[in-house]
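What follows is each chain in one-letter form.
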Amino acid sequence: MKLYAYGDSWTWGAGLDDRTQSWPHELGKLLNVDVVNRGIPGSNNRNISYSIVRDHYNNLLHDNLVIVMWTTPFRLGTPAGKDTTADNNFLLSTIAYEEGFDIEIFNKHLTTAETLSSIHTAMDVLKNNKYVFTSAFHDYTNTDDELADHKHLLQISEHWAYPQGMHKTIYKTKNYDGGHPDAQKHQQIAELLYEHLD
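Residues numbered from 1 in each chain as written. Predicted model: local features only at pLDDT ≥ 70, side-chain atom pairs only at ≥ 80, totals over all residues. Heavy atoms only, no water.

A. Expanded view of the overall build of the chain. The helix and strand inventory of the chain stands at eight helices and four strands. Tracing the chain from N to C terminus, the helices and strands come up as β-α-α-β-α-β-α-α-β-α-α-α. Contacts in the chain between residues at least 24 apart in sequence constitute 76% of all its contacts with a sequence separation of at least 6. Carbon and sulfur atoms make up 48% of the accessible area of the chain, which amounts to about 10200 Å² in all. (Helix = DSSP H or I, 4+ residues; strand = E, 2+ residues; numbered from the N terminus. Contact = heavy atoms within 4.5 Å. Areas by Shrake-Rupley, 256 points an atom, 1.4 Å probe, with all protein chains shown as cover.)

B. How the structure looks around the packing of aromatic side chains. Counting across every chain of the model gives three aromatic pairs. Between Trp70 and Phe133, the ring centres sit 5.5 Å apart and the planes meet at 80 degrees, which makes this aromatic pair edge-to-face. Of the two residues, Trp70 sits in strand S3 (residues 65-70) while Phe133 sits in strand S4 (residues 130-135), which places them 63 residues apart along the sequence. A residue is classified by how much of its surface remains accessible, and Phe133, at 0% relative accessible area, is buried. One aromatic cluster in this structure is built from Trp70, Tyr131, Phe133 and Trp160. Between Lys185 and the ring centre of Tyr171, over which it is positioned, the NZ or CZ distance is 5.1 Å. (Phe/Tyr/Trp six-rings, centres within 6.5 Å; stacked < 30°, edge-to-face > 60°. Buried < 20%, exposed > 50% of the residue type's maximum accessible area, 1.4 Å probe, protein only. Lys NZ or Arg CZ within 6 Å of the ring centre and 35° of its normal.)

C. Just the pairing of strand S1 (residues 2-6), in detail. With four of its five residues buried, S1 lies for the most part within the structure. Taken together, the four bridges between S1 and strand S2 (residues 34-37) define a ladder with parallel strand orientation. Directly across from Tyr4, in S2, lies its bridge partner Val36. Pairing of S1 with S3, which is carried by four bridges, proceeds in the parallel orientation. Bridge assignment links Tyr6 to a residue of S3, and that residue is Val68. (Pairing = 2+ DSSP bridges.)

D. Just the sheet that holds S1, in detail. The four strands are arranged S2-S1-S3-S4 in an open sheet whose pairing can be described as parallel. Single-partner strands in this sheet number two, and they are S2 and S4. On average, each strand axis in the sheet is tilted by 15 degrees relative to the strand beside it, whichever way the strands run. Running over the sheet, helix H3 (residues 45-57) touches S1 and S3 and is turned about 165 degrees from S3. (Axes fitted to C-alpha atoms, helices over the stretch in contact; angles between N-to-C directions.)

Okay, here's the thing in structure tokens:
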């Protein structure tokens, strides 16, 4: 069995001197399994789901453990994430602006829909796998959006670990300063996921 880990820069190991100190590799040590780290810096949730679907249809996930650390629901793709939807989203936002819509609200609706679609897509392709979902951080703005309520994620899938977000879990704060976990925090994330799997 291998561990396949998906996510953004928190999964990839941004800011670490040695990326083998990232939480997927630390968890792999605890489980005594080989690790395939599919984290992509700057990735949004649609990009993360694309990676899962690609590996599924290339028959790479059979009999392997999959852990997905989703990113914030409201993130658009960035060049680092190589997300082909970013230009499409920009085009849609431009059209919405020309039509007189509130761009901030429009983008939140757009990315929320993409996140829900991404989660359901991953659930479908992973239905025969042992898998766990978690999130690097949930929405850290003041919003009444349904997806920002972590209880809603538990209604989507029973496979969530720490749905309030790993940032809030390990830093004990809601506000996110844009930084990345250090090696000690990655170790803490790995131990939390190990406890959940146990």
